[in-house]
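Chain by chain, the residues run as shown.
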Amino acid sequence: VWFWIPSAFMFINVLRRGGSIWSDGIGPIDAFKKGIRAKLRAQSAESQPVGALSATTPLRPRETPEQYAAQIASADVLAGTHGEAVRRAAEDRVLMREIAAALRPIEREMIPDIGPTVDALAQRVGALATTLHRLDGDVSGASLGSLDQRIAALETETPTAERERRLALLQRQRASLRDLLERRRSLADQMESAVLMLQNLKLDMLKFRSSGIG
């Protein structure tokens, strides 16, 4: 529940704040054309401190998606089945951080601070991918179908103490495997939800950046 809230309210906040600069009978685009650009330019000039970054100032190397992915998941996870989901989450997180960092102060006031939510979602994807990677190893080579066949074959044998012992062990193994597979399915659904939420937030940020405000 916690990670859909920013997406749901992000552009409601934009509209609420943007409404204060829209005059009666004038659409939002016209209102922005009439005053917001000048205000943005003025605020940018006023807030530029002495010694601030210029076109010739060397920038610090930005964090790459590969570097961030390596922070939230190990190399064996990244090389496995769930590595692509982790890399995609890292790419979305880095992109949104860059977009947010490039916003001007007046633009930042129009949207909530999504940084903590974006970080938490990306880290969640990394943690879930790590758990799923381990579960994949635990259940590899086993299937409910093969266990069912072995149990069915044992049940046709003449009842003996040894047969009952083996049957109980297989049934216990089947129950444990079923629980592991159910947990895996639940975690996979959670990871997919986190990845989709990051993608939705990214699209919201891209729409906001391309709206012509800045």
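Residues numbered from 1 in each chain as written. Predicted model: local features only at pLDDT ≥ 70, side-chain atom pairs only at ≥ 80, totals over all residues. Heavy atoms only, no water.

Q: For this particular structure, what's the right way to read the overall build of the chain?
A: Across its full length, the chain carries nine helices and zero strands. The secondary structure elements of the chain, listed N-terminal to C-terminal, are α-α-α-α-α-α-α-α-α. Within the structure as shown, the chain displays about 13300 Å² of accessible surface, and the carbon and sulfur contribution to it stands at 54%. (Helix = DSSP H or I, 4+ residues; strand = E, 2+ residues; numbered from the N terminus. Areas by Shrake-Rupley, 256 points an atom, 1.4 Å probe, with all protein chains shown as cover.)

Q: For this particular structure, what's the right way to read the nonpolar core?
A: The nonpolar side chains of soluble globular proteins are, as a tendency, buried together. Counting 34 residues, the largest nonpolar core has Val86, Met96, Val125, Met191 and Leu198 as the members making the most contacts within it. The greatest single-element share of this core, amounting to nine residues, is contributed by helix 9 (residues 161–209). The residues contacting Met96, other than those within four sequence positions of it, are Ile114, Val118, Leu198, Leu201, Lys202 and Met205. (Core = buried A, V, L, I, M, F, W, Y, C linked by side-chain atoms within 4.5 Å. Buried < 20%, exposed > 50% of the residue type's maximum accessible area, 1.4 Å probe, protein only. Contact = heavy atoms within 4.5 Å.)

Q: So what exactly am I meant to see when it comes to the packing of aromatic side chains here?
A: Two measures describe an aromatic ring pair: the distance that separates the ring centres and the angle between the ring planes. For the coordinates displayed, the defined rule picks out zero aromatic pairs. The cationic tip of Arg93 hangs over the ring face of Tyr68; the distance from NZ or CZ to the ring centre is 4.0 Å. (Phe/Tyr/Trp six-rings, centres within 6.5 Å; stacked < 30°, edge-to-face > 60°. Lys NZ or Arg CZ within 6 Å of the ring centre and 35° of its normal.)

Q: Quick question: what am I supposed to make of the environment of Gln171 here?
A: In this fold, Gln171 is placed in helix 9. Put simply, Gln171 and Asp148 are 23 residues apart on the chain and 8.6 Å apart in space, counted from C-alpha to C-alpha.

Q: Where do I start with the pattern of salt bridges in this structure?
A: Think of it this way: side chains of opposite charge can pair up when their charged atoms draw near. What the rule picks out here adds up to 13 salt bridges. Notably, a salt bridge pairs Arg185 with Glu182, separated by 2.6 Å at the nearest N-O pair. Of this pair, Arg185 and Glu182 both sit in helix 9, separated by three residues, roughly a single helical turn. Looking at Arg185, the relative accessible area reads 42%, which means it is partly exposed. Owing to a relative accessible area of 42%, Glu182 belongs among the partly exposed residues under this scheme. Asp204 is the salt-bridge partner of Lys207, the closest N and O atoms lying 3.7 Å from each other. With Lys207 and Asp204 both in helix 9 and three residues apart, this pair spans about one turn of that helix. Taking the relative accessible area as the measure of exposure, Lys207 reaches 52% and is therefore exposed. Through salt bridges with shared partners, one network takes in Glu63, Arg93, Arg97 and Asp119. (Salt bridge = Lys/Arg side-chain N within 4 Å of Asp/Glu carboxyl O.)

Q: In this structure, what is going on with the packing of helix 5 (residues 83–102) against helix 7 (residues 115–139)? I would like to understand it.
A: How two helices sit against one another is set out by the angle between their axes and by the gap between those axes. At a closest axis distance of 9 Å, the pairing of helix 5 and helix 7 adopts a crossing angle of 170°. One way to sum up the angle between helix 5 and helix 7 is to call them roughly antiparallel. Each of Ala85, Val86, Ala89, Arg93, Met96 and Arg97 in helix 5 lies in contact with helix 7, whose residues at this interface are Gly115, Pro116, Val118, Asp119, Ala122, Val125, Gly126 and Ala129. Of the residues assigned to the contact of helix 5 with helix 7, the class counts are nine nonpolar, two polar and three charged. (Axes fitted to C-alpha atoms, helices over the stretch in contact; angles between N-to-C directions. Parallel < 35°, antiparallel > 145°, perpendicular 65-115°, else oblique. Nonpolar A, V, L, I, M, F, W, Y, C, P; charged D, E, K, R; others polar.)

Q: Just checking my understanding: could you explain the environment of Arg62 for this structure?
A: Along the polypeptide, Arg62 turns up in the loop between helix 2 (28–47) and helix 3 (65–72). It is 9.0 Å that separates the C-alpha atoms of Arg62 and Val94, two residues lying 32 residues apart in sequence. In contact with Arg62, not counting residues within four places along its chain, are Gln67, Val94 and Glu98.

Q: Explain helix 3 to me, please; I cannot follow it from the model alone.
A: In an α-helix there are 3.6 residues to a turn, and that puts residues three or four apart on one side. Among the residues making up helix 3, those that are buried are Pro65, Tyr68, Ala69 and Ile72. Buried residues in helix 3, looked at end-on, bunch into an arc of 105°, giving them a common side. Turned more than 90 degrees away from the buried face of helix 3, the exposed residues are Glu66, Ala70 and Gln71. Among the structural elements, helix 4 (75–78), helix 5 and helix 7 are those in contact with the buried residues of helix 3. (Arc of directions from axis to C-beta.)

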